[in-house]
Structure formats: structure tokens, C-alpha cells
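Next come the chains, spelled out residue by residue.
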Amino acid sequence: MKISIIVAKAKNNVIGKNNQLIWRLSSDLKLFKQITSGHHIIMGRKTYESVGKPLPNRTSIVITRNPDFQLPEGHKVCHSLQEAIQLCIGKHLDQVYIIGGAEIYKQALPICDELLVTEVEARPEGDVFFPEINPKQWKKTAAESFKKDDKNEYNFEFVTYKKVNP
Ligand SMILES: NC(=O)c1ccc[n+]([C@@H]2O[C@H](COP(=O)([O-])OP(=O)(O)OC[C@H]3O[C@@H](n4cnc5c(N)ncnc54)[C@H](OP(=O)(O)O)[C@@H]3O)[C@@H](O)[C@H]2O)c1
């Protein structure tokens, strides 16, 4: 099973502030929807709460230490990243996407195969960060540029990294 991280991060690695996203990038949201639709997505409880409900056409797996946490039917609560990954392996999935936030990305980075990174040309203030991508461990294999316009607040690049010597 391929494990991919999907993230939008600024030049200074900021990914959010006050449990919110910090930019309006309509083309990036479209990419996110296209890529993750039909798949299982793993996220931390805070990211789930910042969205407020399961994203349509995807199966949400939410990680929390709270034994009483509940999700709508068809979605799943797990109590560790390992439990979430085991659940997906048990379902014989080919692919799972880790969609954040910072705590979950940090734990997932050592075990994932691919990074799909929206590199936003901005240096905003924030309170959550993506870990530094080590070029010895991650090789850039594709990149597509998007220009700032009335629906996209900043220029950004959508970059694929594959793990070196997985
Ligand atoms: N730019 C992007 O691509 C992107 C993507 C996603 C999120 N974000 C941003 O990231 C921020 C949220 O990130 P965050 O780091 O604060 O929170 P998070 O990673 O979304 O969630 C953290 C929560 O996950 C649970 N958790 C983490 N590790 C666990 C473990 N090992 N076992 C059991 N439960 C565990 C805990 O939930 P409990 O406290 O319930 O136990 C913890 O409080 C927001 O600002 C959001 O907008 C940005």
C-alpha cells in the first residue's frame, strides 16, 4: 500500500494558524479534491475539527486519544497512526493519503512513500509547520507551476517527491 502525504506549505514551512488554513488557493483545493476523491484520508482530530465534517466522496480516518470521539457512519476513529495504517492494510487498499495536520505529518513522514507538496510562494505567520524536507531522503520527481490570479492568492508549485532508497 502506497502512503502519500498531501500538504500545502509556505516557503517558511508554515501550514496553518489558529487551526485554519491561511490562504485562498482555489486551484490547489481542486487538485486536492481530484487526488484524494474516492480514497481513504487520515487526519488528526484538530484538522478534522477545522474542516468540521467528513469531506465528501472520501472515507475519513481521524486520529485522537479521546476514547469517546465519534464520527458519522462510514468513517473511522483510530487512536494512533499505526492503528490507522493497519486498518487500511486490512482493507487491502492500494493507496492512502495523510492530510495533516502538523502532528500527524511529523509522525507520518518516516513511514510514507511519497510527498505531494503545494509549495506556496509566501512567508506568512503561522503556528503549525511542516517538517523540513531532507533532500538526501526525498527526490523531486515532478513539478507544475500555478500563477497567482483572482482565485489564487499566491503563485505556487505542485511538487511530487519520492523517497530515496525506500
Ligand atoms: N496546509 C495544509 O496542507 C494543512 C493540512 C492539514 C492541516 N493544516 C493545519 O494544521 C493545523 C492542525 O494541525 P495540528 O498539528 O495542530 O493538529 P492535527 O495534527 O490535525 O491533530 C492533532 C491531534 O491529533 C491527535 N493525535 C496526534 N497524534 C496522536 C497519536 N499518536 N495518537 C492518538 N492521537 C493523536 C490528538 O488528538 P486529541 O487531542 O483529540 O487526542 C492531537 O491533538 C491547522 O491549522 C490546520 O489548518 C494544514
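Further up the page is the structure itself.
How each quantity is defined
Residues numbered from 1 in each chain as written. Predicted model: local features only at pLDDT ≥ 70, side-chain atom pairs only at ≥ 80, totals over all residues. Heavy atoms only, no water. Helix = DSSP H or I, 4+ residues; strand = E, 2+ residues; numbered from the N terminus. Core = buried A, V, L, I, M, F, W, Y, C linked by side-chain atoms within 4.5 Å. Buried < 20%, exposed > 50% of the residue type's maximum accessible area, 1.4 Å probe, protein only. Contact = heavy atoms within 4.5 Å. Near = heavy atom within 4 Å. Polar contact = N/O pair within 3.5 Å; in protein donor to acceptor, adjacent residues only side chain to side chain. Nonpolar A, V, L, I, M, F, W, Y, C, P; charged D, E, K, R; others polar.

Novice: Would you mind showing me how to read unusual backbone geometry here?
Specialist: With the exception of glycine, the majority of residues adopt a negative phi angle, and the majority of peptide bonds are in the trans configuration. Each neighbour pair has its own omega, and for G100 with G101 the value is -5°, a cis peptide bond. Note that G101 resides in the loop between β6 (95-98) and α4 (102-108). Even without glycine at this site, N13 takes up a positive phi of about 70°. Counting through the fold element by element, N13 comes out in the loop between β1 (2-10) and β2 (14-16).

Novice: Would you mind showing me how to read the nonpolar core here?
Specialist: Across soluble globular proteins, nonpolar side chains have a tendency to be buried as a group. I5, I42, I98, L115 and F130 are the most contacted members of the largest nonpolar core, which has 28 residues in total. Ignoring any residue separated from it by four or fewer positions in sequence, one finds F130 in contact with I5, V7, K9, N13, I15, Y105 and L109. Counting 24 residues, the second largest nonpolar core, distinct from the first, contains A8, L25, Y97 and I99.

Novice: Explanation requested: the site of the ligand in the structure shown.
Specialist: As a structural note, the neighbourhood of the ligand is formed by 27 residues, with A8, R45, T47, T64 and R65 the closest of them. Taking Q20, its main chain carries an N or O atom lying 3.2 Å from an oxygen atom of the ligand. In the environment of the ligand, an oxygen atom lies 3.4 Å from a nitrogen or oxygen atom belonging to the backbone of K46. For the shell around the ligand, the secondary structure elements donating two or more residues are β1, β2, α2 (45-51) and α4. Looking at which element gives the most residues to the shell around the ligand, the answer is α4, with 5 residues. Residue classes in the shell around the ligand are distributed as 10 nonpolar, 12 polar and 5 charged.

Scope: geometric values only; no functional claims are made or implied.
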